[in-house]
Amino acid sequence: MGHLVLIDGNSIANRAFYALPPLSTSSGLHTNAVLGFTTMLLKVLEEMKPTHLLVAFDAGKVVFRHSEFTEYKAGRAKTPPELSEQFPVLRELLDAFSIHWTELTGYEADDIIGTLTRQADASGLATTVITGDKDMLQLVSQHISVALTRKGVSELEMYDVAAIQEKYGLAPLQIIDLKGLMGDTSDNIPGVPGVGEKTAMKLLHEYGSVESVLENIDAVSGKKLQENLRNNVEQAKMSKTLATIFREAPIEIETEKTTYAGYNGKVLVDFFKKLEFKSLIPKVKVSAEDEAAEEISGEQAPSFTHEVVTLENRDQFAHLLGSPMSFTVELDGENYHRAPVLGFGLASAEKALFVPVDVATGWEAFSAWLGDASMEKIVFDGKKDTVALAWHGLELRGVTLDVYLASYLLNAAESNPTLSDVSALYSELRVASDEEIYGKGAKRALPSAEKLGEHVARKAAALWQSIPAVKREIEAHQLEELLFTLEGPLSLVLAQMEHTGVKVDGSRLEAMGVELDKHLEQLTTQIHEQAGGSFNINSPKQLGEVLFDKLGLPVWKKTKTGPSTSADVLEKLAPYHPIIEMILHFRQLGKLRSTYIEGLLKEIHPRTGKVHTLFNQASTATGRLSSTEPNLQNIPIRLEEGRKIREAFVPSESGWYMLAADYSQIELRVLAHISQDANLIDAFQKGMDIHTRTAMDVFGVAENEVTSLMRRQAKAVNFGIVYGISDYGLSQNLNITRKEAADFIERYFAVFAGVRKYMDDIVKQAKQDGYVTTLLHRRRYLPDITSSNFNLRSFAERTAMNTPIQGTAADIIKLAMIRMQERLQAEGLHSRMLLQVHDELVFEVPENELETMRKIVPEVMAAAIKLDVPLQADVNDGRTWYEAK
DNA sequence: TAACTCACG
DNA sequence: ACGTACGTGAGTTAT
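The name that an unreviewed UniProt entry assigns to chain A is DNA polymerase I, with the source organism given as Brevibacillus fluminis. UniProt, in its Catalytic activity (unreviewed entry) section for chain A, records the words "DNA(n) + a 2'-deoxyribonucleoside 5'-triphosphate = DNA(n+1) + diphosphate". The UniProt entry for chain A carries the following text under Subunit (unreviewed entry): "Single-chain monomer with multiple functions."

Printed below as a string of structure tokens:
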């Protein structure tokens, strides 16, 4: 005997849409409803193993019930565009699953399903209806059960006759009577006023049906209820009719036409790739027949075999080390400065190899191949490979394509792509995630030698296979230049910087730590005294209780979990109580101790006495770098006490100096260039202080009349402009009213009209294209720019304004870094580039190169690109990073 | 693991 | 009317 599963397509799609967070592909197509539908389908196929399967959809807008009651479903909100655009995709999805689907003009999915269950009931075929609509429970019978979605879409709750009896104390058909009495606001079925679920159930338990209730109104207890029933006899009858699922639709679907024979795994995987459902791909079962079916249809099936190189046979493999090949380094751990090397993967069209690390050690043919620039290598995160090898004294040369960087450029929203992710998109070969192979957290362990070898070789093979598609995509998006002349070369510069590291004076940090400890202890005592008791100052919860309950200070702002105790709030509370200043100071020093003293000390390499950060080149949405383990891009500078931390950053060679150079106002200069605002360009060409100039223009005063308050406010406006300004944001920042902030903005735009035009145009363009770009064509997709959700849309609009500015500035300093490294090489200088902090470069410099570096660093930075305004960089040096100010 | 807070550009 | 400034990473507490 078979099993027929009928799915209420619209109901499930709606459920999925509202249950899942917004989600979209890199090209901006919303997919959350499709994703939810898909997980539900995979689960149903797995657990119910249907022999027959059909999905029913509502067709068109005219539903025959309208002719009976014009207000039917009038209360329902219009389907948002983010959902309606997913219905065609849903139909494609079902086709990819080889699942039959149907729609019938003038009928709703319920009616189609109702009719089919009637037919199925007659034939005695076991049937399950899947829906989110409780009304459907009326269809339950001996052979038919209904599965209701619960919490999202993939958890189902099964109802048969007994389950309905247990939950409602009613027979399935009485569900209709229940609706007739209580109504349904979501379908705009009126029911009887004053009758809710409780009353309706009570009436039905007593009388059995709407008709019977109406016949016995006089016997019903409750005067008000009697009156309501008497006044609404017709409405109750009509409500029952509306709630009744129509089971006589003029459709002929023979059971055989719904037969389900399963899907072709390859077809489904291809479809998932298109929708970027990467996490679902591993759940698809691809059978040998699927592969075969593909082959017959002409496509090449992915085949994978690999060989493991051993100490005994490695000489026979030497001649296979050719060009071009894909190459991967497998590490035991995330941090490639300290993770041991496990082995290497190599692949080309003919073969895939795994070279365990002990086999590679001392294998001259291999190290020669690695260092041979004429041997072309395709890598996945070549910076990682380069640094990992450098720690073992090996050099990697001849990298011609880095698929990791390519993937980041193709979609910066997908930060830190893994080889498993990327191969799912661009190659036929599946690669397990490292987590699947190694496990995670405490369960992490090395796999068996066989498993490891297969995994690594598979990575190399998938990397090889991804090359044509990746190259094609890069060309199609005009990203060749960005990849091959910017990010690729930059990764080598960064590799050198990371491997070189920055010397940190640990004993200096420790001494500062001792002072901080003393100070913090005093503050703790004072704060507890003021609070009248001991508590954990670091706990926002406990602190909140002390401040707002015990001391009765006013609540200024709330977070999700309680009153906010953030610094900007505390500053406003300072006048009320002396404890506030102490808390602010405690927070400031506590941060220094935990993050910058203890945190940094933990990261000092025991052998080199240096910190070796990881510059993440593929993690930000705008094209900036980020820095981790430790983060060297957020070392304190704004407050003097914190700035002292920089005294611990010193040159690694005695007698050398630290030298730092930073761009002056690079983002506003970029804005001047891309907006072509005449006034802003003029200000920079005249070499003026931009905030003073803005104050002059906005307040209409002469240069010598600009007060420090005016300059401070103008500066905040300039920041706001770069961030995609809003009056609210500016008012928060300047502690002024929204009205005053709006006034500032208006005056700013009156003078800098070109900037206003840029802001308007870039948002329009983003809406039209779905993405924005930087000067060097770096692209960021903004799927939310057309959202009907005000918040999401506004956020995307501000992002559209900010990203070209922040991203172009990032492009420029990256260019400067490459030029700078070339220049050091060309001039035979020994100075070393150590850090990049978004608009600043830090070097260590031998004394005899100081003069040269003071000259060429700002020169190279300023000349990195030619804009319609001059670029300017300022340079400073000293014995420590602190002194280079 | 999420939420909060805070360091930087 | 809606509720926020843009981009990051790390430490601590509470769940």
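The next subject is the protein's contact with DNA strand B. Inspection of the region around DNA strand B gives 23 residues, with A567, R587, K591, I637 and D839 positioned closest. Atoms of DNA strand B within 4 Å of the protein belong to the sugar or the phosphate in 77% of instances, the rest to bases. Measuring from a phosphate oxygen of DNA strand B, one finds a side-chain N or O atom of T559 at 2.9 Å. Of the residues forming the surface near DNA strand B, the biggest block, 4 residues, is contributed by helix 26 (residues 579–603).

Let us now look at the packing of aromatic side chains. Scanning the model with the defined rule gives 16 aromatic pairs in all. Aromatic pair F57 and W101: ring centres 6.2 Å apart, planes at 80°, arrangement edge-to-face. Linking F57 in strand 2 (residues 52–59) with W101 in strand 3 (residues 100–105), this pair joins segments that are 44 residues apart in sequence. The class for W101 is partly exposed, based on a relative accessible area of 29%. Aromatic side chains F272 and F277 sit 6.0 Å apart centroid to centroid with 55° between the ring planes, which places their arrangement in the tilted category. F277 matches F272 in its accessibility class, with the two residues each being buried. By the ring-pair criterion, three or more aromatic residues cluster together here, those being F327, F344, W363, F366 and W369. For R444, the ring lying beneath its charged end belongs to Y438, and the centroid distance is 4.7 Å. It is R879 that lies over the ring of Y657; its NZ or CZ is 4.0 Å from the centre.

It is worth spelling out the protein's contact with DNA strand C at this point. Close to DNA strand C lie 36 residues; S539, A621, S626, E629 and Y728 are nearest. Looking at DNA strand C alone, sugar and phosphate atoms form 58% of those within 4 Å of the protein. Contact between DNA strand C and S539: a phosphate oxygen at 2.5 Å from a side-chain N or O atom of the residue. Note that a sugar or linking oxygen of DNA strand C is positioned 3.5 Å from one of the side-chain N or O atoms of S594. When residues of the surface near DNA strand C are traced back to their parent elements, those giving at least two are helix 26, strand 18 (626–628), helix 31 (708–723), helix 32 (727–734) and helix 35 (790–826). The greatest single-element share of the surface near DNA strand C, amounting to 7 residues, is contributed by helix 35. Classifying every residue of the surface near DNA strand C gives 8 nonpolar, 22 polar and 6 charged.

You can read the domains of chain A as domain 1 (3–257), domain 2 (265–300), domain 3 (307–501), domain 4 (504–611), domain 5 (651–677 + 752–885) and domain 6 (689–751). The interface is formed by 20 residues belonging to domain 3 together with 17 residues belonging to domain 5. At the junction of domain 3 with domain 5, the criterion picks out 2 salt bridges. The residue K814 makes a salt bridge to E487 at a minimum N-O spacing of 2.8 Å. Summed over the shared surface of domain 3 and domain 5, the number is 3 residue pairs in polar contact (both at pLDDT 80 or more). Every element with two or more residues in the side of domain 3 that touches domain 5 is listed here: helix 18 (403–410) and helix 22 (480–500). Among the elements that take part in the side of domain 3 that touches domain 5, helix 22 stands out by supplying 11 residues, more than any other.

Let's shift gears to the pattern of salt bridges. Pairing between side chains of opposite charge can happen when the charged atoms of each approach one another. All chains considered together, the criterion is met by 40 salt bridges. We note a salt bridge from R832 to E653, for which the minimum N-O separation is 2.9 Å. Of this pair, R832 sits in strand 23 (residues 832–836) while E653 sits in the loop between strand 19 (649–650) and strand 20 (657–663); the two residues are 179 residues apart in sequence, bridging distant segments of the chain. For R711, the salt bridge identified is with D689, shortest N-O distance 2.9 Å. One end of the pair, R711, is in helix 31; the other, D689, is in the loop between helix 29 (678–685) and helix 30 (690–699), with 22 residues separating them in the sequence.

What follows is about the nonpolar core. Formed by 143 residues in total, the largest nonpolar core has its most connected members in F649, Y663 and M853. Per-element tally for this core: the top contributor is helix 35, with 13 residues.

With that settled, the discussion passes to the UniProt feature "domain: 3'-5' exonuclease" (unreviewed entry) in chain A. When the UniProt feature table is mapped onto this chain numbering, "domain: 3'-5' exonuclease" (unreviewed entry) sits at residues 308–475. What you have in residues 308–475 is 43% helix and 16% strand, and the ends, taken at the C-alpha atoms, are 35 Å apart.

This next bit is on the side chain of T694. Mapped onto the elements, T694 comes out in helix 30. Judged by relative accessible area, which is 0%, T694 ranks as buried.

Bringing the environment of V869 into the picture now. Note that V869 resides in the loop between helix 36 (850–862) and strand 25 (873–878). By relative accessible area, which is 3% here, V869 ends up buried. Residues V869 and Y748, spaced 121 residues apart in sequence, show a C-alpha to C-alpha distance of 20 Å. Those residues in contact with V869 that sit more than four places away from it in its chain are R669, A672, I681 and F684.

Quick look at the environment of L93 now. Tracing the backbone through its elements, the reader meets L93 in helix 4 (residues 86–96). Residues L93 and L35, spaced 58 residues apart in sequence, show a C-alpha to C-alpha distance of 9.9 Å. Every residue in contact with L93, bar those within four places of it in the chain, is listed here: V34, F37, T38, L41, F271 and F272.

This part takes up the sheet that holds strand 25. Read from one edge of the open sheet, 4 strands run 23-24-20-25, paired in antiparallel fashion. Edge positions in the sheet fall to strand 23 and strand 25, since each has one partner strand and no second. Recorded for the sheet is a direction-independent mean angle of 20° between the axes of neighbouring strands. Judged from the 4 bridges that link them, strand 23 and strand 24 (residues 840–845) form a sheet pairing that is antiparallel. Residue M833 lies in a different strand from strand 24, and its bridge partner there is F843.

With that out of the way, let us pick up the sheet that holds strand 8 (residues 325–331). Spatial strand order, 7-10-9-8-11-12: 6 strands in an open sheet with mixed pairing. Strands at the two margins of the open sheet, each flanked by one partner only, are strand 7 (307–308) and strand 12 (399–402). In terms of strand pairing, strand 11 (residues 377–379) meets strand 12 through 3 bridges, oriented parallel. Bridge pairing in strand 12 links I378 to L401. Sheet contacts for helix 16 (residues 364–371): strand 8, strand 9 (341–347) and strand 11; angle to strand 8, the most-contacted strand, approximately 110°.

Cut-offs used in this document
- Residue positions are counted from 1 within each chain, in the order its sequence is given.
- Naming scheme: in the order in which they are written, chains are lettered from A and ligands are numbered from 1.
- Side-chain atom pairs in this predicted model are given and counted only at pLDDT of 80 or more, local residue features only at pLDDT of at least 70, and totals for whole chains, interfaces and linings cover all residues.
- Remark: hydrogens and water are excluded; side-chain values derive from all non-hydrogen atoms of the structure.
- UniProt positions are given in the numbering used here, feature names are shortened, and annotations may be inferred rather than shown by experiment.
- Only a single heavy atom is needed: when it lies within 4 Å of a molecule or strand, its residue is near that molecule or strand.
- Within 3.5 Å is the distance limit for a polar contact, defined as a pair of N or O atoms, with the added protein rule that one can donate a hydrogen and the other accept it, and that residues adjacent in sequence qualify only through two side-chain atoms.
- Under the scheme used here, helices are H or I runs from DSSP no shorter than 4 residues and strands are E runs no shorter than 2 residues, and both carry numbers assigned from the N terminus.
- For this analysis, a ring pair means two rings from Phe, Tyr or Trp (six-membered ring only for Trp) whose centres lie within 6.5 Å, classed as stacked if their planes differ by under 30 degrees, edge-to-face if by over 60, and tilted for the remaining angles.
- Using a 1.4 Å probe on the protein chains alone, a residue whose accessible area is under 20% of its type maximum counts as buried, one over 50% counts as exposed, and one in between counts as partly exposed.
- By definition here, charges over rings are those cases where NZ of Lys or CZ of Arg is within 6 Å of the ring centre and within 35 degrees of the ring normal.
- Classification used: nonpolar for Ala, Val, Leu, Ile, Met, Phe, Trp, Tyr, Cys and Pro, charged for Asp, Glu, Lys and Arg, polar for all others including Gly.
- Throughout, the edges of the domains are those of an automatic or database domain assignment.
- Should any heavy atoms of two residues lie within 4.5 Å, those residues are considered in contact.
- In what follows, salt bridge is the name for a side-chain nitrogen of Lys or Arg lying within 4 Å of a carboxyl oxygen of Asp or Glu.
- The criterion is simple. A nonpolar core is a set of buried Ala, Val, Leu, Ile, Met, Phe, Trp, Tyr and Cys residues joined through side-chain atoms within 4.5 Å.
- If DSSP finds at least two bridges between two strands, the strands pair.
- For helices, the fitted axis covers only the stretch in contact; all axes are lines through C-alpha atoms, and the angles between them, taken along N-to-C directions, range from 0 to 180 degrees.

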